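Chain by chain, the residues:
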Amino acid sequence: MEYVILAVVIAVIAIGAVAGLVVNGRRQKQLPPKSEAPVITKPAEPKAEPGATATVAPTAAPEAEPGEAPVGEQAAPTVAEPTETVEEVELPAAAEEAPALEVPEPTAGRLVRLRSRLSRSQNSLGKGLLTLLSRERLDEDTWEEIEETLLTADVGVAPTQELVDKLRTRVKVLGTRTPEELRGLLHEELVALIGTDADRSLKTAKHEGGRPAVVLVVGVNGVGKTTTSGKLGRVLVADGRKVVLGAADTFRAAAADQLQTWGERVGAQTVRGPEGGDPASVAFDAVKEGIAEQADTVLIDTAGRLHTKTGLMDELGKVKRVVEKHGPVDEVLLVLDATTGQNGLVQARVFAEVVDITGIVLTKLDGTAKGGIVVAVQRELGVPVKLIGLGEGADDLAPFEPGAFVDALIGD
Ligand SMILES: Nc1nc2c(ncn2[C@@H]2O[C@H](COP(=O)(O)OP(=O)(O)OP(=O)(O)O)[C@@H](O)[C@H]2O)c(=O)[nH]1
Ligand SMILES: [Mg+2]
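None of these values were measured; they are calculated from a predicted model. (Residues numbered from 1 in each chain as written. Chains lettered and ligands numbered in written order. Predicted model: local features only at pLDDT ≥ 70, side-chain atom pairs only at ≥ 80, totals over all residues.)

Re the overall build of the chain
Just so we agree on the cut-off: Starting at the N terminus, helices and strands are each numbered in turn, a helix being any DSSP run of H or I of at least four residues and a strand any DSSP run of E of at least two. Any residue whose C-beta has 12 or fewer other C-beta atoms within 10 Å is treated as exposed, any with 20 or more as buried, and any in between as partly exposed, C-beta atoms being built from the backbone. By the convention adopted here, residues are in contact when the distance between their C-beta atoms, placed from the backbone, does not exceed 7 Å.
For the chain, the count of helices and strands is 16 helices and 8 strands. Here the chain holds 412 residues, and the buried ones make up 38% of them. Contacts spanning at least 24 positions in sequence make up 76% of the contacts within the chain whose residues lie at least 6 apart.

Right, here's the structure in full:
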């Protein structure tokens with residue numbers, strides 16, 4: 001009898017175990033189909049695209065079919081599987097390729113494209129003047145307001161006086177004024193004030209005999225020298241030039257890294273020296289490399305200088321003299337932060353004493369700067385503004401064109 005009871009108990013346990021296995025087996029069979037479908041082929045697709053990166057593929061794939069994605073615990077396998085799949089699909093081959101070089105925007109018409117940036121902060125000058133000139137009665141108070149507007153916009157005393165005198169005469173001759181006539185008149189006079197005679201082109205073409213053109217970029221701390229060197233390098237590469245960058249800011253290792261990064265993006269080589277090394281010797285080596293590499297242009301970025309420190313300014317003079325052992329420097333670009341207004345003029349004066357400046361780059365005109373500084377700084381140095389910076393983006397540097405600039409100031 002005991003044997004019978006024992007046999008029954010064993011039979012019951014055995015049946016229970018088998019039933020349990022079957023149920024489990026069914027559950028496990030149900031799981032895979034839910035997690036199989038979404039991602040195995042999806043990550044493989046980017047393989048065909050050379051630009052695809054490993055970080056894009058795995059995140060994109062699970063999101064591709066959100067409706068079918070399981071939730072809760074069951075979601076885990078779906079995430080794990082695509083990761084493996086990504087490794088299987090030979091992404092390393094794509095990773096071996098050199099990073100694609102960027103293709104900078106063409107330079108023609110850049111100022112027109114970027115003009116909305118400019119007009120944002122400059123309304124007080126152009127539009128303000130237009131509003132004042134459109135008043136019914138142009139009495140003494142109004143002329144004073146016009147004068148005030150120009151002075152506040154950093155135009156400077158002498159140019160302001162000149163412009164107001166001209167406007168007074170022309171408005172008198174005009175008699176009745178239509179808005180269109182006033183706009184045209186103001187446009188003409190502002191363009192004349194900025195000047196159309198100056199040569200605003202940059203000498204960046206190779207010399208006869210093959211020596212590269214040499215451009216020295218100078219200015220006080222933080223005005224945008226390195227950024228401008230990088231942006232200008234891109235412009236030249238876009239125009240088909242071979243460019244060598246010289247990192248003559250040896251005070252900070254990060255400065256050379258910053259320049260090198262700009263160069264690498266468009267395939268321009270950077271010559272750099274040890275941190276704390278002699279900036280003049282780096283500049284010299286950069287030009288030497290430019291000659292050896294048959295480059296078209298060598299762009300030399302220098303360290304920011306406190307224009308009050310005689311030692312540093314002397315050193316800048318030395319950089320230029322040493323570079324000129326290879327031949328004359330073609331351009332010395334003084335970079336000025338347009339938002340510093342009159343302070344920029346003080347800097348300009350000091351730099352002009354140390355090196356012969358051939359062109360001005362006004363940066364940060366997209367900010368709170370007032371457009372009048374263009375007029376003032378040209379007057380101060382007798383040197384044209386050649387380039388303007390209109391943002392931190394890689395292609396936010398434009399050749400300066402007086403007509404397009406004034407258009408932006410007073411609107412169409
Ligand atoms: N908004 C705006 N920012 C600019 C422009 N040009 C440069 N900057 C910014 O100004 C800051 C300083 O630029 P840098 O190029 O490092 O200036 P730098 O003259 O080389 O500075 P130092 O090497 O320290 O003397 C950076 O944050 C730039 O992105 C511009 O046209 N517009
Ligand atoms: Mg710098």
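Some details on the sheet that holds strand E8 (residues 397–399)
Our working rule: Strand pairing follows a simple DSSP-based rule, namely that at least 2 bridges must link the two strands. Axes, fitted as lines to C-alpha atoms, cover a helix only where it is in contact. Angles between the N-to-C directions of the axes lie from 0 to 180 degrees.
Spatially, 8 strands are ordered E3-E2-E4-E1-E5-E6-E7-E8 in an open sheet, and the strand pairing comes out mixed. What marks the edges here is a single partner per strand, and that holds for strand E3 (269–272) and E8. Neighbour-to-neighbour, the strand axes of this sheet turn through a mean angle of 25°, independent of strand direction. In terms of strand pairing, strand E1 (residues 213–218) meets strand E4 (residues 297–302) through 5 bridges, oriented parallel. Pairing of Val-217 across the sheet is with Asp-301, part of E4. Against the sheet, helix H10 (residues 225–238) contacts E1, strand E2 (243–248), E4, strand E5 (331–337), strand E6 (359–363), strand E7 (385–389) and E8, and its axis sits at roughly 170° relative to E4. Contacts from helix H13 (residues 310–323) reach E1, E2 and E4 within the one sheet, and its direction differs from that of E1 by about 175°.

Details of the site of ligand 1
Basically, it comes down to this: Using a C-beta atom placed from the backbone for every residue, we mark a residue as near a molecule or strand if that atom lies within 6 Å of it. Note that Gly is not counted as nonpolar here; it falls among the polar residues with everything else outside the nonpolar set of Ala, Val, Leu, Ile, Met, Phe, Trp, Tyr, Cys and Pro and the charged set of Asp, Glu, Lys and Arg.
Around ligand 1, 20 residues are found, and the nearest of them are Gly-224, Thr-226, Thr-227, Gly-304 and Gly-389. Looking at the shell around ligand 1 element by element, the count peaks at 3 residues for H10. Among the residues making up the shell around ligand 1, the classes are represented as 3 nonpolar, 11 polar and 6 charged.

Comments concerning the pairing of E4
Within E4, 6 of the 6 residues are buried, which leaves it mostly tucked inside the rest of the structure. Here E4 shows no split at all, with Thr-297, Leu-299 and Asp-301 on one side and Val-298, Ile-300 and Thr-302 on the other all buried.

A word on the nonpolar core
Put simply, the rule reads: For the purposes of this analysis, a nonpolar core is taken to be any set of buried Ala, Val, Leu, Ile, Met, Phe, Trp, Tyr and Cys residues that are connected through C-beta atoms within 7 Å.
Judged by nonpolar contacts, the single largest core of 90 residues is most densely connected at Ala-283, Ile-300 and Leu-362. The contact partners of Ala-283, leaving out residues within four places of it in the chain, are Gly-246, Ala-248, Ile-300, Val-319, Val-322 and Val-323.

Things to note about unusual backbone geometry
Positive phi is not limited to glycine here, since Gln-294 has a value of about 55°. Of note, Gln-294 is situated in the loop between helix H12 (279–292) and E4. For Lys-364, which is not glycine, the phi dihedral falls at a positive 60°. Relative to the assigned elements, Lys-364 resides in the loop between E6 and helix H15 (373–381).

Examining the pairing of E2
Burial analysis of E2 places 6 of its 6 residues in the buried class, the great majority of the element. In E2, alternate side chains face the same way, and those of Val-243, Leu-245 and Ala-247 on one face and Val-244, Gly-246 and Ala-248 on the other are all buried. Sheet analysis places E2 next to E4, joined by 6 bridges and oriented parallel. Counterpart to Gly-246 in the pairing with E4 is Ile-300.

Some remarks on the packing of helix H9 (residues 179–194) against helix H16 (residues 402–410)
Where we set the bar: When an angle is under 35 degrees it counts as roughly parallel; over 145 it counts as roughly antiparallel; between 65 and 115 it counts as roughly perpendicular; any other value is oblique. Crossing chirality is assigned from the near helix's rotation relative to the far helix, an anticlockwise turn below a right angle marking it left-handed and a clockwise turn marking it right-handed.
Put simply, H9 and H16 touch, their axes get as near as 9 Å, and they point 135° apart. Classified by the angle their axes make, H9 and H16 are oblique. Considering the relative orientation of H9 and H16, their crossing is right-handed. Of the residues in H16, those touching H9 at Arg-183, Leu-186, His-187, Leu-190, Val-191 and Ile-194 are Pro-402, Gly-403, Phe-405, Val-406, Leu-409 and Ile-410.

Focus: the environment of Phe-284
Here Phe-284 is to be found in helix H12. Judged by the 22 C-beta atoms lying within 10 Å of it, Phe-284 falls in the buried class. Counting along the chain gives 35 residues from Phe-284 to Val-319, while the straight-line C-alpha distance between them is 8.0 Å. Non-local contacts of Phe-284, meaning those with residues more than four positions away in its chain, are made with Val-322, Val-323 and Lys-325.

A look at H9
Along an α-helix, residues three or four positions apart point the same way, because every turn accommodates 3.6 residues. Heads up, the rule is: Take the residue count of a helix, subtract one, and multiply by 1.5 Å to get its expected span.
If you check H9, its first and last C-alpha atoms are 22 Å apart, about what 16 residues at 1.5 Å a residue would give, namely 22 Å. Gly-195 occupies a position one or two residues after H9 and carries a positive phi of about 100°.

Considering H16
Burial analysis of H16 places 8 of its 9 residues in the buried class, which makes it a mostly covered element. Buried within H16 are the following residues: Pro-402, Ala-404, Phe-405, Val-406, Asp-407, Ala-408, Leu-409 and Ile-410. With its phi angle positive at about 75°, Gly-411 sits one or two positions after the end of H16.

Observations regarding the confidence of the model for the chain
What counts is decided by this rule: Confidence scores labelled pLDDT are given residue by residue by the predictor and lie between 0 and 100.
Of the residues in the chain, 73% reach a pLDDT of 70 or more, and the chain-wide mean stands at 78. Helix H2 (residues 56–64) is the least confidently modelled element of the chain, averaging 32 in pLDDT, while E1 averages 98, the highest of any element. Below pLDDT 50 for its whole length, residues 17–95 participates in 61 contacts with residues either more than four positions away or in separate chains.

Considering the environment of Glu-289
Turning to its location among the elements, Glu-289 is positioned in helix H12. Those residues within four positions of Glu-289 in sequence are excluded, and the remaining contacts are Val-244 and Val-271.

Digging into the packing of helix H8 (residues 157–174) against H9
Between H8 and H9, whose axes approach to 11 Å, the crossing angle comes to 150°. With respect to their mutual orientation, H8 and H9 come out roughly antiparallel. For the crossing formed where H8 meets H9, the hand is right-handed. Touching Pro-159, Leu-163, Lys-166, Leu-167, Arg-170 and Leu-174 of H8 are Glu-181, Leu-185, Glu-189 and Leu-193, all from H9. Here the residues of the contact of H8 with H9 are counted per class, giving 6 nonpolar, no polar and 4 charged.

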